[in-house]
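Observations on the three-dimensional arrangement
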Amino acid sequence: MRITWLRFHRKWRRLAVLVVAVYLVVNGLLFSKLIGWVDHLSSLMEKRYDPFGSIHRNPCPMQRNLYASERILTGSDAVCQAAWSDNDADIQMESVLDELSVGYPNLVLTVYGWADTIRVEAWSPAPLTVIVMPHSHQDPGWLSTMDAYYTQFTKGTLDNIAEQLSANPSWTFIWNEIVFLQRWWTDASNEQRIKFKKLLVSGQLELVSGGLVMPDESLTHFNAILDQLVEGHQWVKQTFNITIENNWAIDPFGHSATVPYLLREAGLKNMVIQRTHFAVKREFAKKRSFEFYWRQSWDFEGKHDMFCHMLPFLLYNIPHSCGPDRHVCCQFDFHHQHCYHGKSHIPVVSVTENNLAELAESLWEQLQKKASLYRHGVVLLPHGDDFRYATKPEWETQMFNLQKIMDYINRNDRMQTKIKFGTLNDYFKAVKSEKAPGPPSSKGPFAVLSGDFLPYSDRSDQYWTGFYTSRPWIKEAVSRLQDYLRSAEILFTLSLSVTKINTSMASLYRKLESSRRTLAVSLHHDAITGTSKANVMQDNKLSIQQAFGELNNVHETCIKGILKNYDHKYQTINITGDSGQQLLILRQDLPIRLLIWNSIGTKRDVVARVLTDTRDVHVTDVYERRVTQQVDPEWTKDGHVTDGTFWLSFQAEVPGFSVAGYLVDISTDDVYASLVTLYNLTSSKQGTHETINSFYIQPRVTDYFNISNDILTASFSSCDGLLSSVYYPAIGATFTADLSFITYSTGHHTHPFRDKSGAYIFLPDGSARYISEQPTVVLTEGKLFSQVRSVYKSFTLVATIYHTTNADLSNGIHLETEVNLNSDTWDNTELGLRLETNVYDSSLGFCTDANGFQMQHRRTRQKLTIQGNFYPITTLASLNDHSSVVSLHTSHAHAVASLASGWLEVMLDRRLVQHDWRGLGEGVTDNVPTRSTFFLTFEEYSRTNMRGDSVCLQSIHTIRTSIQLNNPPKLLEVISASRPNNQNIIMKDTSIDLSAFANAIALPCDYHVVNMKTMIDSDSLSKFVLITIHRPASKCHQNGNDQTSSCANKVSLKWGEFLPFAKEIWETTLNGIEKRRPLAIEDNIHVDVFNIKTFLITFREIK
């Protein structure tokens, strides 16, 4: 016993010593870490807030304070165009998110894996009016291609709509996807067409939304959303002579505040949405706020309010439609018969006399529970799902069984319920007629809501923010296609202003229509999101490539036709730029003519670039004057100089809506003056240089270096070539601008039971890690611009600083990444670019654009986790403090976050080997090289005359930068039939002003022509033009370098000056359907700040 006790005693003594030792070590480490944290926070001036523990320790330290860092606001306050604070809406979504509880059940024992987060435990019977609304959600591509879906499901559904509704007058249906309806209408028999039209007239069938597709609302630009809406609405009007009143958006993964504005201004009256955060729905259920008037944050008078109905439960399918209890509602899907309560299967049976009363009672109880979530006694019961009602047996099984239950409820006086088949129009009419209307300023029993419903989460911490990044190539391709289509539309319209419609122009119009449909399908919520099967995504890519080819032809033919008015020698025009091609000018073909087409309505200075096989060239303008030019090497993917090809860059000036011509010819002068100088900053050689393909390559000289122009000085680290700071001498301010590459991982072995990221979901293991790889760094110095190229194994970053005198090009840093994660070394990894600045907001607030239409205020919240704090951007994200703003422009959609004060991080690509249980059934491993373009600017401004910043107003310069970045100039090569006299084909004009559009440069700088599209009736060949103009709001920025002061002058422009070929002008709804008021040629063009307007123009007769 004694020996045992001694051993026991010694054991505890050893254990105590071990505990003390561990305690000392751990506390020592903690103390050292604490000291490090304090030092680091001190270096950040104690302003940074980092809730996710991602403090950056730069692997490439460099001298920071190269210049005085104090930022001093200079100049007097200017008069701001607009200054707004938040409106007085009853529900501010930013405030809702602040107070929201995001808890989710830890244990979910169901077959489906999702919990019912809305429970109705107590309810009181009340008289009800119930609208049962059959529907079928038709994706134009997801698990199968659009063609396959049409053949397998869609054609059968539309055939049965015509047949079954005609045979059963009490049945109803709604249809959404017009792109499918257009195809079916072409295939339909005359008898089917007659039946279909009668159903629309009788109201049994309602066309909802009216756009070609149900678009994604997170990543799409408002111009593209509007374009597919116009296409659908115009076709519906011409084909059926009806207008769309209600919108049905049940499957986009989150909902933008821009969409209700577009719908309202397009003439729609009501809308339905579905996918919003489960915790938001839980909160709205408590306050019965599932119906509201959706108001823009800048709209104080409610002029653009849109009535919105939010479906309250998890999904739009039948089990989640009749009430809160899924295991009850699934019993009313008489065709699918997939019904469970927890893990127990519930048989679905047809309605008989024996079970009729029980089924009717169950349905009535669910309807009462659902009604208790709203502020009236009208219940909408959607009955449908993906690709339902495709066969006659399904129609009869569903409708006859439902009819029996409905008849029983209608006969039962105790239930006090009137239930019938109906449409969205029937539902909204019943809602608005139930309550007596209040005074004009009142919205009756409904709240007013401001904000949006992004991001979306359907369970726990699983946020649908992964699709913001999945397959970035299609996001980039859609953005280019949108711009390219707009450019072609404007050229076509200008051509028709001086040309009659002939066979050639009619053929071009059909190509425009085809490209419009391709763009529309690409906007679908499983296309641009990158969330379809790999073969479906490939099908989308082929369609987009075909559209580029068609639009090339439109550009080339229209330009050729216009040039023939000047010179008939033009035979061939080749186009480059966003079509995906690159011109290669051969020495043997010189001299050659280049044209630059500017598709925006204001003059722009550009640096044009074209490939050539010789360095011995020079460029002249139409007056035969030499223009500033630069010759760079062409680079391989791995950062090497190619042999025998060069980039020729030259400075050009192009008026609005015009084409400028330049001549490229063989040079006999000393061409070395145009060649750039290269510095290999990762070379270990000192004092020596080498020559590659005529370029001198100098070795590294210092650990850091600067690049300057007349506006700024940018500082870079030699070890990784990444930007570090930007200094503006005019205001004596240095802005920290640390760039770094980061990665997020998912599915780490330390989290074996945790779900992983997939095509939809972003679910990282933890904070991001910084890339430690040391890249090859090359500095290029030239006359027009200098570049820093950082080449990693799988990606490249090129930072460009322009040396031109034009502020649009020179007042920021151009950034371009090219990423290729097509390697299993990147499995379950996501790559991002992080920017760390000294523009701090202690509340972690920042701004993102909403579909390129307006800015939305955001705030990082720790409770939403890392993944819940990412938001989509289409064109811009910005940071603001008391006197400064950092703007990161982008050419296509990305995910962005501000996870610590002064930070912005944007995701570039992701590679995932598994699915995320949202139906796709596969990962995302078909990565391809993808280019992303950014423009980084810093500005100072005065906030003394601003009433608030929640709408994140931009400066005029920021607005103009965004427009120019997303609508780049198009470069065309002209080949003449008489090459020996090619020098003489240059017109003695500064540019070729199309159709008297020289006055277009007089457009006020805050007016942007969104589109100028011609609509042609294929039967009568009658034509009209829809011109859409956007006037974004701006605030006063003063950085001492903003050369847009002339924009403060409100230049008035008459319609007759802008459109000399116009005969009649009407202001219309955005879709061009409803004429609102006529305008005279002498009237000034006017659009209210923040708004978009569409004008319908008819041409004068061309003799």
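Residues numbered from 1 in each chain as written. Predicted model: local features only at pLDDT ≥ 70, side-chain atom pairs only at ≥ 80, totals over all residues. Heavy atoms only, no water.

Below, the discussion takes up the overall build of the chain. In terms of regular secondary structure, the chain is built from 18 helices and 51 strands. When the 1103 residues of the chain are sorted by exposure, 62% land in the buried category. Here the contacts in the chain between residues at least 6 apart in sequence split such that 76% fall between residues at least 24 apart. (Helix = DSSP H or I, 4+ residues; strand = E, 2+ residues; numbered from the N terminus. Buried < 20%, exposed > 50% of the residue type's maximum accessible area, 1.4 Å probe, protein only. Contact = heavy atoms within 4.5 Å.)

Okay, the sheet that holds strand β21 (residues 629-635) next. The four strands are arranged β17-β19-β22-β21 in an open sheet whose pairing can be described as mixed. With one partner strand each, in any of the chains shown, β17 (584-585) and β21 form the two edges of the open sheet. Pairing analysis gives nine bridges linking strand β19 (residues 604-612) to strand β22 (residues 641-654), with the strands arranged antiparallel. In the strand pairing of β22, Val-610 is matched with Leu-648. (Pairing = 2+ DSSP bridges.)

Bringing the packing of helix α6 (residues 222-240) against helix α14 (residues 503-522) into the picture now. Remark: α6 packs on α14, axes separated minimally by 9 Å, with the N-to-C direction vectors making an angle of 120 degrees. One way to sum up the angle between α6 and α14 is to call them oblique. Helix-helix and strand crossings are classified by hand; for α6 and α14 the assignment is left-handed. Within the contact between the two elements, α6 uses Ala-224, Asp-227, Gln-228 and Glu-231 and α14 uses Arg-516, Leu-519 and Ala-520. Of the residues in the contact of α6 with α14, the class split is three nonpolar, one polar and three charged. (Axes fitted to C-alpha atoms, helices over the stretch in contact; angles between N-to-C directions. Parallel < 35°, antiparallel > 145°, perpendicular 65-115°, else oblique. Left-handed = near helix turned anticlockwise from the far one by under 90°. Nonpolar A, V, L, I, M, F, W, Y, C, P; charged D, E, K, R; others polar.)

For Gln-182, the position within the fold is in helix α4 (residues 178-187). The class for Gln-182 is buried, based on a relative accessible area of 14%. Distance in space between the C-alpha atoms of Gln-182 and Thr-239 is 9.7 Å, their sequence separation being 57 residues. Other than its neighbours up to four places away in sequence, Gln-182 contacts Leu-212, Trp-235 and Arg-517.

What follows covers the sheet that holds strand β8 (residues 306-310). The six strands lie next to each other as β1-β13-β7-β8-β6-β5, forming an open sheet whose pairing is mixed. Looking along the sheet, the strands with just one partner apiece sit at the ends: β1 (91-92) and β5 (246-249). Alignment of β1 against strand β13 (residues 447-450), held across two bridges, turns out to be parallel. The partner of Ile-91 across the bridge, within β13, is Leu-449.

Attention shifts here to the packing of aromatic side chains. All told, the structure shown has 60 aromatic pairs when counted by the stated rule. Each ring, one from Trp-171 and one from Trp-395, has its centre 6.3 Å from the other, and the planes form 25 degrees; the classification is stacked. Taken together, the positions of Trp-171 in the loop between α3 (146-167) and β3 (173-175) and Trp-395 in helix α11 (residues 392-411) put the pair 224 residues apart, joining distant regions of the chain. Classification of Trp-171 by relative accessible area gives buried; the value is 2%. On the numbers, 6.3 Å between centres and 65 degrees between planes, the contact of Tyr-293 with Phe-446 is edge-to-face. Of this pair, Tyr-293 sits in strand β7 (residues 291-295) while Phe-446 sits in the loop between α12 (424-434) and β13; the two residues are 153 residues apart in sequence, bridging distant segments of the chain. Residue Tyr-293 shares its accessibility class with Phe-446, and that shared class is buried. Site record: aromatic cluster; members linked through ring pairs are Phe-253, Tyr-456, Trp-464, Phe-467, Tyr-468 and Tyr-760. (Phe/Tyr/Trp six-rings, centres within 6.5 Å; stacked < 30°, edge-to-face > 60°.)

Further remarks concern the environment of Leu-219. You can see Leu-219 is positioned in the loop between β4 (205-207) and α6. For Leu-219, a relative accessible area of 3% corresponds to the buried category. In this structure the C-alpha to C-alpha distance between Leu-219 and Lys-475, which are 256 residues apart in sequence, comes to 7.8 Å. Setting aside chain neighbours within four positions, we find Leu-219 in contact with Phe-467, Tyr-468, Lys-475, Ile-528, Thr-529, Pro-872, Thr-874 and Ala-893.

In this section: the pairing of strand β44 (residues 930-940). The element β44 is extensively covered by neighbouring structure, given that nine of its 11 residues are classed as buried. Two elements, strand β35 (residues 812-819) and β44, share eight bridges in a ladder whose sense is antiparallel. Opposite Glu-818, over in β44, you have Arg-931 as the bridge partner. Alignment of strand β41 (residues 884-890) against β44, held across seven bridges, turns out to be antiparallel. In the sheet register, Ser-887 faces β44, and the bridge partner there is Thr-937.

This paragraph deals with the packing of α3 against α4. Running from N to C, α3 and α4 point in directions that differ by 70 degrees, and their axes come no closer than 10 Å. Classed by the angle they form, the pair α3 and α4 counts as roughly perpendicular. Residues Met-146, Asp-147, Tyr-149, Tyr-150, Thr-154, Lys-155, Leu-158 and Asp-159 of α3 touch α4, and the partners they reach there are Val-179, Phe-180, Leu-181, Arg-183, Trp-184 and Asp-187. A breakdown of the residues in the contact of α3 with α4 according to their chemical character gives eight nonpolar, one polar and five charged.

Cis geometry marks the peptide bond from Leu-454 to Pro-455; its omega dihedral reads -5 degrees. By the secondary structure assignment, Pro-455 is in the loop between β13 and β14 (457-459). The step from Leu-590 to Pro-591 runs through a cis peptide bond, and the omega angle for that step is 0 degrees. Phi is positive for Gln-337, which is not a glycine, with a value near 55 degrees. In this fold, Gln-337 is placed in the loop between α9 (326-329) and β9 (340-341).

Moving on, we come to the confidence of the model for the chain. Scored by pLDDT, the chain comes out at a mean of 86, with 83% of its residues at no less than 70. A low-confidence stretch, residues 436-441 (pLDDT under 50), is modelled with zero contacts involving residues beyond four sequence positions or located in other chains. Predicted confidence is poor over residues 944-949, with pLDDT under 50, and the contacts of this stretch with residues over four places away or in other chains come to 17 contacts. (pLDDT = per-residue confidence, 0-100.)

On to α12. All of the buried residues in α12 are Leu-424, Tyr-427, Phe-428, Ala-430 and Val-431. Looking down the long axis of α12, one finds its buried residues gathered within 160 degrees of arc, a one-sided arrangement. Pointing more than 90 degrees away from the buried face of α12 are the exposed residues Lys-429 and Ser-433. (Arc of directions from axis to C-beta.)

In this section: the side chain of Asp-881. Secondary-structure assignment places Asp-881 in the loop between β40 (876-880) and β41. Accessibility expressed as a relative area gives 7% for Asp-881, which makes it buried. Here Ser-883 takes part through its backbone nitrogen, which lies 2.9 Å from a polar atom of the side chain of Asp-881. Polar side-chain contacts of Asp-881 include one of 2.7 Å to the backbone nitrogen of Ser-884. (Polar contact = N/O pair within 3.5 Å; in protein donor to acceptor, adjacent residues only side chain to side chain.)

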